[in-house]
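Spelled out from the first residue to the last, the chains are:
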Amino acid sequence: MTALALAINGAGAWALVWGQIAGAVVTGALLLVRSPIPLRPGWDGATAKSLIRFGVPLAGAGIFNQLILNADYAVVNRYLGVAVAGGYFIAFNISNWPASLLSFAMRRTAISAFAKLQNDREALAAAFEDAVETLIFATLPMAALI
């Protein structure tokens, strides 16, 4: 609603930016108010170190993934023009639908599922293997159809 109201009042593309920021603020406030665990601001160095050790490789992988997925757009836009870039963008997105659909669902569940198995290496390895097999065998037929 914020983005729509701002767009109607002439904010242009900034309406989308402020709409996202407003949505994040409202979501954060609701999470804080409705949380069953009381918020206690403070700093725990050991916890911070553990979270950083866990999060930095994930953030690095995410950055690398975005570079791989988007580097070609810069080349296409620079040398082939807007019309070709638009066609390329649509074709690339359609070709990624199978993997995107399944990996989106798996990303939302896999980390928590694997975290529950972190102390049982054999069960973790088996669950990872099952997840990869499911992703491959579900994606391949859809990719072949495209």
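Everything in this summary refers to the structure shown in the same document. This structure is a prediction, so every number in the text was calculated from the model and none was measured.

Below, the discussion takes up helix α3 (residues 45-80). The terminal C-alpha atoms of α3, which comprises 36 residues, lie 50 Å apart, in line with the 52 Å expected from a rise of 1.5 Å per residue. In the structure, α3 departs most strongly from a straight axis at Asn70, where the bend amounts to approximately 35°. Every buried residue of α3 is accounted for by Ala48, Tyr73 and Val76. Its buried side turned inward, α3 meets α4 (82-116). Phi for Gly81, located one or two positions after α3, is positive at around 90°.

Enumeration according to the criterion identifies two aromatic pairs in this entry. Look at Tyr88 and Phe92: their rings are 6.3 Å apart centre to centre, the planes differ by 20°, and that puts the pair in the stacked class. Taken together, the residues span about one helical turn, with Tyr88 and Phe92 both in helix α4 at a distance of four residues. On the numbers, 6.0 Å between centres and 55° between planes, the contact of Phe114 with Phe128 is tilted. Here the residue Phe114 occupies a position in helix α4, and Phe128 occupies one in helix α5 (residues 121-145), the gap between them amounting to 14 residues. Over the ring of Tyr79 we find Arg78, and its NZ or CZ is 5.5 Å from the ring centre.

Turning next to the packing of α4 against α5. The N-to-C vectors of α4 and α5 enclose an angle of 170°; their axes lie 10 Å apart at closest approach. One way to sum up the angle between α4 and α5 is to call them roughly antiparallel. Two secondary-structure elements touch here, α4 through Pro98, Ala99, Leu102, Ser103, Met106 and Phe114 and α5 through Leu124, Ala127, Phe128, Ala131, Leu135, Ala138, Thr139, Met142 and Ala143.

Parameters and conventions
- Counting restarts for each chain: residues are numbered from 1 in the order of the written sequence.
- Two thresholds apply to this predicted model, a pLDDT of at least 70 for residue-level local features and 80 or more for giving and counting side-chain atom pairs, whereas whole-chain, interface and lining totals are computed over all residues.
- To obtain the side-chain values, all non-hydrogen atoms of the structure were used and water was disregarded.
- Numbered from the N terminus, helices here are DSSP runs of H or I no shorter than four residues, and strands are runs of E no shorter than two.
- Here a helix's expected span is defined as the number of its residues, less one, multiplied by 1.5 Å.
- The bend at a residue is defined as the angle formed between two axes, one fitted to the seven residues ending at that residue and one fitted to the seven starting there.
- Accessibility here uses a 1.4 Å probe with only protein chains present; expressed as a share of the type maximum, an area under 20% marks a residue as buried, one over 50% as exposed, and anything in between as partly exposed.
- For this analysis, residues touch if any pair of their heavy atoms sits within 4.5 Å.
- By convention, a stacked pair of Phe, Tyr or Trp rings (six-membered ring in the case of Trp) has centres within 6.5 Å and planes under 30 degrees apart, an edge-to-face pair has planes over 60 apart, and any other such pair is tilted.
- Note on criteria: charge over ring means Lys NZ or Arg CZ within 6 Å of the ring centre, with the direction from the centre no more than 35 degrees off the ring normal.
- Under this scheme, a helix contributes an axis fitted over its contacting stretch, all axes are lines through C-alpha atoms, and angles between N-to-C directions fall in the 0 to 180 degree range.
- In these notes the angle categories are as follows: under 35 degrees is roughly parallel, over 145 is roughly antiparallel, 65 to 115 is roughly perpendicular, and the rest is oblique.

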